[in-house]
Amino acid sequence: MTALRRYPVLIALCLAALFMVVPFLIVTVNAVKSPAEYSQNGPLSLPHGLYLDGLKDFWQRVDYSQKLVNSTLISGSVALLATALSVLSAYAIGIGRIRGRTWVLAFFVLANLLPQEALVYPLYYLSKEAGLYDTRLSVIIVFTVIQSAFGTYLLSAVLGQFPREIIEAARIDGANKWQILVRIVVPVSRPTLGVLLVFFFIWTWNEFLLPLVMLISNDNQTVSVALGVLQGQRLMDATMTNAAALLGVLPAIVFFLVFQRTLTRGIAVGAVK
């Protein structure tokens, strides 16, 4: 009881981490367990050996290497483009102080609250009219706009508190708006931009509905969409399903671990500010 009173936040974080890690461990164990062993001992038993046929069968069945390239290309492009667009928009709103700033921010908040189900038909119709339907470019454009709405709202609040003295000193030294953005604002905001980059990549990687509607060709589909081919009417291969889940989430985990220091640094800087 003393520990609960003294370290409530730490205990809550440990419990949250436990609830996140345990399902991943269960999926990993079941991905390397044979179907016969799964049916006999259940999903919570430890495997007696490594059964890799589920991973191999899923890889070959959905052409996972092509899906991995598609997801990486789409998620990486969206992360870079959405971050760049967020910087430009937030610079105009937060530092440029454009007219109607409050209404513009309210519009971005509304865009974040709008469910994707409401966007399916308009985006489908527009992509058909523009000749971009069933192309990776269409998904990149859509998610760049969606993610940049959140990025603009967040960065506008950050840049709105940017020290005006630094901006005025740069203007006195002869720097124009682009030089102030590139040489002052972006370097100072780099930790926050790193956080957005990581979030945008992972969020886009996990998207399912819009890629399912916009990408119907097998060569253009993403990893999350490829998981849908495993669903049958009367039969489900539990080993292959867990193998698919493992292969689907593993690249996002690797990306998160690689950029973990960037994410931690950005959050720490935001907390200090």
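Going by the structure above, here's the rest.
The rules behind these values
Residues numbered from 1 in each chain as written. Predicted model: local features only at pLDDT ≥ 70, side-chain atom pairs only at ≥ 80, totals over all residues. Heavy atoms only, no water. Helix = DSSP H or I, 4+ residues; strand = E, 2+ residues; numbered from the N terminus. Buried < 20%, exposed > 50% of the residue type's maximum accessible area, 1.4 Å probe, protein only. Areas by Shrake-Rupley, 256 points an atom, 1.4 Å probe, with all protein chains shown as cover. Phe/Tyr/Trp six-rings, centres within 6.5 Å; stacked < 30°, edge-to-face > 60°.

Novice: Help me understand the overall build of the chain in this model?
Specialist: A tally of regular secondary structure across the chain gives 15 helices and zero strands. When each of the 273 residues of the chain is scored for burial, the buried share is 36%. Working note: accessible area of the chain is about 16300 Å², and carbon and sulfur atoms make up 68% of it.

Novice: Please clarify how unusual backbone geometry should be interpreted in this entry.
Specialist: At Asp 63, a residue that is not glycine, the phi angle is positive and equals roughly 55°. Within the secondary structure, Asp 63 sits in the loop between α4 (53-62) and α5 (64-95). Of note in this structure, Asp 134 is not a glycine but carries a positive phi near 65°. Examined against the element boundaries, Asp 134 turns out to sit in the loop between α7 (120-130) and α8 (136-160).

Novice: Explain the packing of aromatic side chains to me, please; I cannot follow it from the model alone.
Specialist: Two aromatic rings, taken as a pair, are described by how far apart their centres are and by the angle between their planes. This structure, assessed with the given rule, holds nine aromatic pairs. Judged by centre distance (6.2 Å) and plane angle (55°), the rings of Phe 200 and Trp 203 are tilted. Of this pair, Phe 200 and Trp 203 are both found in helix α11 (residues 190-205), three residues apart, which corresponds to roughly one turn of the helix. Where Phe 201 meets Phe 255, the ring centres are 3.8 Å apart and the plane angle is 20°; that geometry is what we call stacked. Taken together, the residues span a long stretch of sequence, with Phe 201 in helix α11 and Phe 255 in helix α14 (residues 238-258) at a distance of 54 residues. Ring pairs connect the aromatic residues Phe 150, Phe 199, Phe 200 and Trp 203, which therefore count as one cluster.

By themselves, these are just geometric observations and shouldn't be taken as functional.
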